[in-house]
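# Summary of structural features
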Amino acid sequence: MAAKEQILAAAERLFAEFGIESVSLRQIAVAAGQRNTSAVAYHYGSKQALVEAVYEWRMTTVNARRLARLAELGDSGSVADLVRALIDPLAATLHAPELDGEPGWYLRFIAETLWRPPFEAVGNTMRGAEAESVRLVVDGLAKRLDGLPAAVFGERVRLVAMLVVTALADRERRLQEPEPPDHLAGLGLEVLADAATAILTAPWVPPRSPSVPTKQGST
């Protein structure tokens, strides 16, 4: 593994395990086996740039898998199909190839970026090439749910993204337990996919405007 990739792998693990704000670039360099403890700063400049580099490193592969899935679906995919196209390529990172298929750290890393401004790597890089497949999924969902007000659709997509990332991160963590729960293998990802689909497709009833009470005795 090249030095830059060793740094990315070490950063991913330490950020996921201890939190982005708690880990220094020096600690990452040591964990990556770099003799020069300034190696991370030399290659990436800042922690923000390193966070985005980890995201791009993993998402390039996820993006390619998802684009292939979307190509198979064409224009015939349902909301449920698009939800699986969102979930399954990301879930494939649960077992990292460089760890011989053992549970990895990427999903917990992504979960960390959701709660740690300004390290919101997902939001900051959504316009990048590696996020093309996410944009296509969202566009496809918008076409199939065109009866929803734009604000409602946007909020539902945000909730689904948070649900998918945090649920997969929790699954990744539990797979590393000495005795992973048996149901993780049995249920697969169906429960998560069903929940995400339900959020997107639930009937929308606009809330009533609150009535303004009148003063007792007024006319």
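Residues numbered from 1 in each chain as written. Predicted model: local features only at pLDDT ≥ 70, side-chain atom pairs only at ≥ 80, totals over all residues. Heavy atoms only, no water.

## A few points about the nonpolar core
In globular proteins that are soluble, nonpolar side chains generally tend to be buried together. Of all hydrophobic cores here, the largest spans 59 residues; its most connected members are Phe 15, Ile 28, Leu 50 and Phe 109. In terms of residues, this core owes the most to one element, helix α4 (residues 47-73), which gives nine residues. Setting aside chain neighbours within four positions, we find Leu 50 in contact with Ile 7, Leu 8, Ala 11, Phe 15, Leu 25, Ile 28, Val 40 and Tyr 44. (Core = buried A, V, L, I, M, F, W, Y, C linked by side-chain atoms within 4.5 Å. Buried < 20%, exposed > 50% of the residue type's maximum accessible area, 1.4 Å probe, protein only. Helix = DSSP H or I, 4+ residues; strand = E, 2+ residues; numbered from the N terminus. Contact = heavy atoms within 4.5 Å.)

## Observations regarding the packing of aromatic side chains
Following the criterion strictly, the structure yields two aromatic pairs and no others. Taking 6.3 Å as the distance between ring centres and 25° as the angle between the ring planes, the aromatic pair formed by Phe 15 and Phe 109 counts as stacked. Here the residue Phe 15 occupies a position in helix α1 (residues 3-18), and Phe 109 occupies one in helix α6 (residues 106-115), the gap between them amounting to 94 residues. Side by side, Phe 15 and Phe 109 carry an identical accessibility label, which is buried. In textbook terms, an aromatic cluster arises when at least three aromatic residues are bridged by ring pairs, as seen for Phe 15, Tyr 106 and Phe 109. Between Arg 58 and the ring centre of Trp 57, over which it is positioned, the NZ or CZ distance is 4.1 Å. (Phe/Tyr/Trp six-rings, centres within 6.5 Å; stacked < 30°, edge-to-face > 60°. Lys NZ or Arg CZ within 6 Å of the ring centre and 35° of its normal.)

## Considering the packing of α1 against α4
Their axes nearest at 10 Å, the elements α1 and α4 cross at an angle of 100°. When the axes of α1 and α4 are compared, the pair comes out roughly perpendicular. Between α1, through Glu 5, Ile 7, Leu 8, Ala 9, Ala 11, Glu 12 and Phe 15, and α4, the contact on the second element is made entirely by Lys 47, Leu 50, Val 51, Ala 53, Val 54, Trp 57 and Arg 58. Among the residues making up the contact of α1 with α4, the classes are represented as 10 nonpolar, no polar and four charged. (Axes fitted to C-alpha atoms, helices over the stretch in contact; angles between N-to-C directions. Parallel < 35°, antiparallel > 145°, perpendicular 65-115°, else oblique. Nonpolar A, V, L, I, M, F, W, Y, C, P; charged D, E, K, R; others polar.)

## So, the pattern of salt bridges
The full count for this structure, using the stated rule, is nine salt bridges. Here Glu 172 ties to Arg 108 by a salt bridge, and the two come within 2.8 Å at their closest N and O atoms. With Glu 172 in helix α9 (residues 150-175) and Arg 108 in helix α6, this pair connects stretches of sequence that are 64 residues apart. The buried category is assigned to Glu 172, whose relative accessible area is 0%. What makes Arg 108 buried here is its relative accessible area of 13%. As a salt-bridge pair, Arg 174 and Asp 170 come within 3.9 Å of each other at their nearest N and O atoms. Residue Arg 174 and its partner Asp 170 are located together in helix α9, separated by four residues, close to a single helical turn. Residue class for Arg 174 comes out partly exposed when judged on its relative accessible area of 22%. A relative accessible area of 30% means that Asp 170 is categorised as partly exposed. One connected set of salt bridges, linked through shared partners, spans Asp 170, Arg 173, Arg 174 and Glu 177. (Salt bridge = Lys/Arg side-chain N within 4 Å of Asp/Glu carboxyl O.)

By themselves, these are just geometric observations and shouldn't be taken as functional.
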